[in-house]
Amino acid sequence: MTASPAVVEAGGGGLPVSAGLGIRGGLSYLADCHNSTHGDAAPLCGMMDYNNTAGAGDEMVGPLMERIVSYVVPLIFLVIVVVGLIGNALVVIVVAANAQMRSTTNLLIINLAVADLLFIVFCVPFTGTDYSLPSWPFGDTWCKIVQYLIVVTSMASVYTLVLMSLDRFLAVVYPISSMTYRTERNALLAIWIMWIIFLVISVPAYMYHGLETYSHGEVQHSHCIFLEADPVLRNFRILFFVMAYVFPLLTIVILYLLMLTRLWHGVAPGGRVSADSRRGKKRVTRMVLVVVAIFAFCWGPIQVVLVAKSLDLYEINELTLVVQIVSQVLAYMNSCVNPILYAFLSDNFRKAFFKVVSCGHPQATLETRNGRLMAEKSTRTTATSRVNGSNLDIL
């Protein structure tokens, strides 16, 4: 995802500006401000929504919040890592182990799982560490590599969703003529081109990130942040917002609207619509709505937060830091939701999964095969089975 763009933070000079504080840096400074008096408060404290005349109980809010976040958020990230690794790995294994499931759609779903796996491996653990420690412990070079890979893998994940929506659009709207283009070879070519493009255009993320160390009182902090000040920071975030959220979301919505229009208003053979066909249309419509809603819901909040910060419209205080943390968690959770949404909710995937795990158990395999044949027979008249090109597509 994305990504998560939540770790793309800024700082300039010696002391980070309020819009450029990383989440962990913001927590540390917030805690320091709560412990400061008017005389020794850091310059940044005056920019925060903080009342230095607060009572003794309120003075503990910042430090207490910092301690809670340093334990709770890494635990949430640990759950995301475990669920995401297992879910996405199962998608890759199940589809790769079933030769009859090879299709353009399923190749794209494998690529989505791979992108999410890489995102989980190179993003979530390091962000969790950044939450639990006051300083970035991995050095400047690894800081640059991690931020670069976060952008690459998040963009690859998002644009795989775009390719999947294009694949479904062609399959439904142009079921016959698109067979020439919807081949495994072309799908692999599109996937390779996509990865090469993002590996190249994401180089600025490597160049502009780095390790910044600063002191507040006797405490020294170091954070992996975006080093360039405005307008580079502002332009980077706005461009990322457009390329990683607005454009792909609009593209997915338009393609799915065109697909649903054809699905519901297209002329059925003989002019008659069967009950199975209506059920199939409703199922596809629900899936499309869920796909769009989850993508917008998971990625929208963090993108809005980062754009607001780049425009100096995001004030640093307890509430806004909580909002940013929750937004970051939502973006990371998208990598766990994708395998559930695109694979485990599919009858074909579940049957293929049981076929893999029941290897060496003929009776179970036979029952799975019989179940698959019955399911295929019952859905031959649905709109999706008629246009997908393969009855074993996950979608």
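Residues numbered from 1 in each chain as written. Predicted model: local features only at pLDDT ≥ 70, side-chain atom pairs only at ≥ 80, totals over all residues. Heavy atoms only, no water.

Engineer: Would you mind going over the environment of Arg168 in detail, with residue names and values included?
Structural biologist: Its place among the elements puts Arg168 in helix α6 (residues 139-173). Looking at Arg168, the relative accessible area reads 7%, which means it is buried. (Helix = DSSP H or I, 4+ residues; strand = E, 2+ residues; numbered from the N terminus. Buried < 20%, exposed > 50% of the residue type's maximum accessible area, 1.4 Å probe, protein only.)

Engineer: For the side chain of Thr153, give the residues involved together with the corresponding values.
Structural biologist: Looking at the secondary structure, you find Thr153 in helix α6. The buried category is assigned to Thr153, whose relative accessible area is 3%. A polar atom in the side chain of Thr153 sits 2.7 Å from the backbone oxygen of Leu149. The contact partners of Thr153, leaving out residues within four places of it in the chain, are Ala115, Leu118 and Phe119. (Polar contact = N/O pair within 3.5 Å; in protein donor to acceptor, adjacent residues only side chain to side chain. Contact = heavy atoms within 4.5 Å.)

Engineer: Which residues make up the packing of aromatic side chains, and what values go with them?
Structural biologist: Scanning the model with the defined rule gives 15 aromatic pairs in all. Judged by centre distance (5.0 Å) and plane angle (45°), the ring pair of Phe77 and Tyr332 falls under tilted. Residue Phe77 is found in helix α3 (residues 61-97), and its partner Tyr332 is found in helix α11 (residues 318-344); the two are separated by 255 residues along the sequence. The class of Tyr332 is buried, set by a relative accessible area of 0%. Looking at Lys144, its charged tip hangs above the ring of Tyr206, at a distance of 5.7 Å from the centre. (Phe/Tyr/Trp six-rings, centres within 6.5 Å; stacked < 30°, edge-to-face > 60°. Lys NZ or Arg CZ within 6 Å of the ring centre and 35° of its normal.)

Engineer: Now, about the confidence of the model for the protein chain: what can you tell me, with residues and values included?
Structural biologist: In regions of low pLDDT, the predicted coordinates are not meant to be interpreted in detail. Per-residue confidence for the protein chain averages 75 on the pLDDT scale, and 69% of its residues sit at or above 70. Ranking the elements of the protein chain by mean pLDDT puts helix α14 (residues 383-387) last with 41 and helix α7 (residues 184-201) first with 95. Throughout residues 1-21 the model reports pLDDT below 50, and contacts reaching past four residues in sequence, or to other chains, amount to 94 contacts. Predicted confidence is poor over residues 362-389, with pLDDT under 50, and the contacts of this stretch with residues over four places away or in other chains come to 37 contacts. (pLDDT = per-residue confidence, 0-100.)

Engineer: Let's hear about the packing of α6 against α7: which residues, and what values?
Structural biologist: Running from N to C, α6 and α7 cross one another at 145°; their axes reach a closest spacing of 9 Å. Of the two possible hands of crossing, α6 and α7 adopt the one that is right-handed. Within the contact between the two elements, α6 uses Tyr148, Val152, Met155, Ala156, Tyr159, Thr160 and Leu163 and α7 uses Ala190, Met194, Trp195, Phe198 and Leu199. Its residues assigned to classes, the contact of α6 with α7 comprises 11 nonpolar, 1 polar and no charged. (Axes fitted to C-alpha atoms, helices over the stretch in contact; angles between N-to-C directions. Left-handed = near helix turned anticlockwise from the far one by under 90°. Nonpolar A, V, L, I, M, F, W, Y, C, P; charged D, E, K, R; others polar.)

Engineer: Any chance you could break down the packing of helix α4 (residues 104-122) against α6 for me, citing the residues and the numbers?
Structural biologist: Where α4 contacts α6, the two axes come as close as 9 Å, and the packing angle between them is 160°. By the criterion of interaxial angle, the relationship of α4 to α6 is roughly antiparallel. Crossing handedness for the pair α4 and α6: left-handed. Taken together, the residues of the contact of α4 with α6 sort by class into 15 nonpolar, 7 polar and 3 charged. (Parallel < 35°, antiparallel > 145°, perpendicular 65-115°, else oblique.)

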